[in-house]
Amino acid sequence: MRLKTRKKMRYWGGLLTTAMFLPFLCVQPSMADWSANFTPPDAPDGTLVIDLPDDLDVVTLTQLGVELDGIDITSLLSLDGVDFIYKPLQALDGNEHTLKLVTLNPDGSSEVRQQWNFNVGHAESSDGNISDLTENSPEIEMAERLLRSAYFRADTLTEFSRRVVQQNIGHETNRSTLSGSGDINTGFAAGKWTVDGHANYLVQSDVDFAQTERTIDLGEYDINADYQGDSVVGGMSLGHHDTGLETLLVSDFYRRGVSARLGTSNRRIEAQGFAFGTESVSGAADPTGLNNTENRLKGVSLAVKPFSTDVDALKLTGTYYDGRGEGSGIGLSDLDSSASGSGWGVGLEKSFGQNRTRLKAQYAHALFDQDGDNGDAPKDGSDAISFLIEHGLFEEGPVIGNDVLDIDVGFGYDRVDTFFESLANPGLVSDRDAYSAYSNLYWGALSANIYALHETNNVDDLANVPTDRLKSIDLGLNYTFDQQTGLMEWLGTPYIFMNSYLASLGRVKTPTGYDGGDTDNLSSSITLGGGSNYDDWYWSASHSYSRFDDYTNVSSDTVNNLTGFNVGWIVSDRLDVNGGTQFGVFEDLDTNKNSFTTNLYLGATAELVPDKVDLNIDYNLNLANGSGDSSDSHIVNSEVEWTFLQPRTNRPGLALALRGSMEEFNGNTDSAQNETEYQAYMVLRVKAPFSLSY
Amino acid sequence: MIAEANVSSVTVSPQRANVNVKGASALSLTWNVTRFEPTAPTTVLVSSTNAVLQINGSTVANLGGLLSRQSSLAAAQSETLRFNEVLSISPALARKIAEAPAGSVLISRTFTDTQTTGLARLSVFAGTGQGGALSINRIDLKFDNDARTDVIAKGDTRRAIAEINFRSSGLLKGEWRIIDPSASLGSARGRILQVVRQQVVSSGQGRTRIVSPALPTAKNGLYLLTFSVEDADGIAELPVLRYFVLEGATDRPRDNLTTLSPGNGARVSQDTVFAWENVPGALAYQIEIFNPGHSKVVSGKVVSAKDLKLRLSAFSLDNLTSGESYDWRLRAFDQEGRVIGSSPRQLIYMP
């Protein structure tokens, strides 16, 4: 990728230079009656030009700002003479856009001086609107006028690889392989409907390496249709998505399935129905994710604001689900397998004092059979409750040293029965009775938080289970400094952070006759770090210290130190280098055995011949010695790519690459582990990006 | 003359064991059977049909299978035979063990050399175990946009997240390991992307979230990524994520950018500072403010990548109404106009 530099003078940079000479310039009086001309872009990624009067004085110029679709883009304007030039960060879509030239007042307010509405490639906006349409309109014309925008974008890459050399790579693979992938996005907006779709696919002719044992198969996909009416909103989703629910029963549940939602546009009523597969799947074999009745759940949720829709309105939410499932699949490893479950829950959200105090309470009841209906384990009925109250200490935070101080405090209580489980919240931690308190502090670019927890287990008071208690406190801190100038310019834009905690685990209750060991330990950890960003390079560093003391002397006391350092440098438009290292020491204080880990990474990306030949190379060193000794490894990965036909949108490109890796393992005391592996491939690569938009 | 060998002792290690309250457990046991031959050389079969789980003296289940081994001894000679086995405790049995009176649960085996027998037993309890040894029982691996199979544009920033459920407390020793495209068609060892050492604690069951460093996206092709961890007794096979890197501009990164302030739900004023973490490769950052639940931007500002913070007063506030709540998010763009970072939407309130 070639790094391009802006040739035109950056607006504020230019103004700064100009301002230095202001005292020596003959400043003309402000012209109150001037006007600017606007030239819209002729393509989605074209530049916007605001043609200002040639004799506009500098003072007026410094008071101007530009907004595009509500976003202040002033700081990225280029100045070409006295014309404002803006190249959109992202290609503009087919909708109507609004550009405003504003005058900034000293009190921070602004006045719109001129405003232009435009469509890409059109100097004037369309006059028609949807309400003009009648049933007598020809269908095509009606569709064209309803269709506000549409797009199709696809990025594809297909490569044919031929292994030209190999040594000790361990297992048989096809010498010639066809592989590739594609990422497709499409959508349209018509009337009050917006439909978006996304899908990716993978190609792998050596099916032993394919994700689904098919040469070409779908990866993940999602289709979302949304209706935005004047009084009703709704929509549906198909494919991989999340319901957005964050409850005791349904949370962080991203799977393939289908959901439908309906509500009022003022969000007074929001209803949702959903059905998902419980496994995480890819491929086209089960397009809805719902084919397997043993791995499927369904549910509904309803949220109502019964009294008002203002910012403090009371919101009541009800949720129900039932299903069967396994907790395994792509990205998941879980000992627990087939289970059946159902549950219902209610939630309450209410705030007071214009959102200053926020209250959230939930209750859920779950029925869960951890080994399914055919297993011997009983189906458990269990409960969970969660309560959280948060409060902003200041109605209007005090300004200290030019920065506003804001502090939130919160208190929570959670009680989750020992056997509480939900198929739609598989990561939920059950068997805990926990009180927590926290505070977040924000002061300018400083953010800090503190979190205290008191937690016990054995909520169901089982006879053969001891009750342990965890007390912990966490403290975190982040601060970003201003960009340093003058003598301190060498510091760049620095930042620092710190995370630490202290946790004590002890025994509260030991059942009579219990001889399963005591619990009494202390864990502590602190991580200190920082870094800085510069125009063309950055660095970061951190050090972590962790200690574990087991006062029962069953487990070893341990200390771990881990230090990391990373750096990246854009040497030129054509060369990036970066590197990082980690050094860790793990000490077993009881056995006096230490183990050491060292990792080093060095990488470079270079454009050897502009737009033609690229080079990527990296070197990795992994050392593990001491009591945890294992083979040292040195790994080099590299690729040289010659692009003889640059891909353009809707025109495929071709490239030839030589890529390979070499891995050397050194067993140190065990020479049997000494081994060198290498492999190299010639690759013919077809890159084909497609894009259509309306 | 009939030989009269003796099983002189049977012991088991460990003598106490803990099983999980919930779900299945595996108990690794070693039985040591010591024989003595007082008279003449003999060869006998030493065996045990199965282990027995007893609660309050009543047999609840037979566990394991036949253990047997030939034993040949000369006169006046003795030997110790070692039998290793792993017993599976089903969720149903774990439940019975947890509910039984403490000290009433025993697992025993009786060994015989066809002439004499010997028995050993261990006590079984429920809970996190002696000394609270850390045990990993679930790993959920995904990218920061929630996907588990992804196609990523070259140069984009993407991270992986490991959601780990564990029992007890201790030092989590893990490694992010990756296989690059240059090796993903051949070797399967890969390289260490980052070593993770994180002290984790819980009163019984806990959960932690580990975020990977930015994943390599400089080369076209298939990458394989996993998070390997020690003490993963319950994990039969580590999960592997795969992502393919290609040239492109259509990627949709979601929620991979970390904002530092203001907090979610904060009441903001003109002096409120929006601050965020650096995204390598960013050309500019764009703060966007929306009406809650809507996608149309009502206000916002673009700043260059050197800026990692911005005061609210720098925004055009004309479109923001006092007394209203808004969503805000931050997006990072690279040189090519691609969105390489995006933060989750968070709520702010204009007093």
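As the structure is a computational prediction, the values presented were derived from the model and not from experiment.

Next up on the list: the overall build of chain A. Across its full length, chain A holds three helices and 37 strands. Counting across all 694 residues of chain A, residues that qualify as buried make up 31%. Restricting the contact set of chain A to residue pairs at least 6 apart, pairs at least 24 apart contribute 55%.

Assigned domains of chain A: these are domain 1 (9–118) and domain 2 (151–178 + 301–693). Relative to domain 2 of chain A, the C-alpha centre of domain 1 of chain A lies at a distance of 43 Å.

All names here are of chain B. Residues with a pLDDT of 70 or more make up 91% of chain B, whose mean pLDDT is 83. When pLDDT is averaged over each element of chain B, strand β5 (residues 51–55) comes out on top at 93 and strand β20 (residues 266–267) at the bottom at 75. Across the predicted assembly, pTM comes out at 0.79 and ipTM at 0.81.

By domain assignment, chain B separates into domain 1 (6–127), domain 2 (132–246) and domain 3 (259–349). The straight-line distance from the C-alpha centre of domain 1 of chain B to that of domain 2 of chain B is 38 Å.

Residue and element names in this part refer to chain B. A large share of strand β15 (residues 191–200) lies buried, amounting to seven of its 10 residues. Pairing of strand β14 (residues 170–179) with β15 involves nine bridges; the strand directions are antiparallel. If you follow G174 over to β15, its bridge partner there is V196.

Moving on: helix α1 (residues 91–99) of chain B. Here α1 of chain B lies mainly inside the structure; seven of its nine residues are buried. Along α1 of chain B, the residues classified as buried are P91, L93, A94, R95, K96, I97 and A98 of chain B.

Residue and element names in this part refer to chain A. As judged from the 14 bridges shared by strand β32 (residues 575–588) and strand β33 (residues 593–609), these two strands associate in the antiparallel manner. Paired with D576 across the two strands is T605, which belongs to β33. Hairpin connection, β32 to β33: the antiparallel pair is bridged by four residues, and N592 has positive phi, about 60°.

The next point concerns the environment of V279 of chain B. Residues and elements named next belong to chain B. Among the secondary structure elements, V279 is positioned in the loop between β21 (273–276) and β22 (284–290). Expressed as a C-alpha distance, the spacing of V279 and A332, which sit 53 residues apart in the sequence, is 7.3 Å. Here V279 is in contact with T157, L257, A332, I340 and G341, once residues within four sequence places are set aside.

Moving on to the nonpolar core. One broad rule of soluble globular proteins: the nonpolar side chains tend to lie buried together. Core analysis: the biggest nonpolar cluster contains 49 residues, and V66 and I73 of chain A together with A282, A284, Y285 and F333 of chain B have the highest contact counts within it. Apart from residues no more than four positions distant in its own chain, F333 of chain B is found in contact with L89 and Q90 of chain A together with A282, L283, A284, Q286, R338, V339 and I340 of chain B. Counting 48 residues, the second largest nonpolar core, distinct from the first, contains L157 and L453 of chain A together with L193 and V196 of chain B.

The next point concerns the environment of F83 of chain B. Residues and elements named next belong to chain B. Among the structural elements, F83 can be located in strand β8 (residues 77–89). Since 20 C-beta atoms lie within 10 Å of it, F83 is described here as buried. Each C-alpha atom of the pair F83 and V12 lies 9.4 Å from the other, and the pair is 71 residues apart in sequence. Setting aside anything within four residues of it in sequence, one finds F83 in contact with W31, V33 and L67.

Rules used in this analysis
- Residues numbered from 1 in each chain as written.
- Chains lettered and ligands numbered in written order.
- Predicted model: local features only at pLDDT ≥ 70, side-chain atom pairs only at ≥ 80, totals over all residues.
- Helix = DSSP H or I, 4+ residues; strand = E, 2+ residues; numbered from the N terminus.
- Buried ≥ 20, exposed ≤ 12 C-beta atoms within 10 Å, placed from the backbone.
- Contact = placed C-beta atoms within 7 Å.
- Domains from an automatic or database assignment.
- pLDDT = per-residue confidence, 0-100.
- Pairing = 2+ DSSP bridges.
- Core = buried A, V, L, I, M, F, W, Y, C linked by C-beta atoms within 7 Å.

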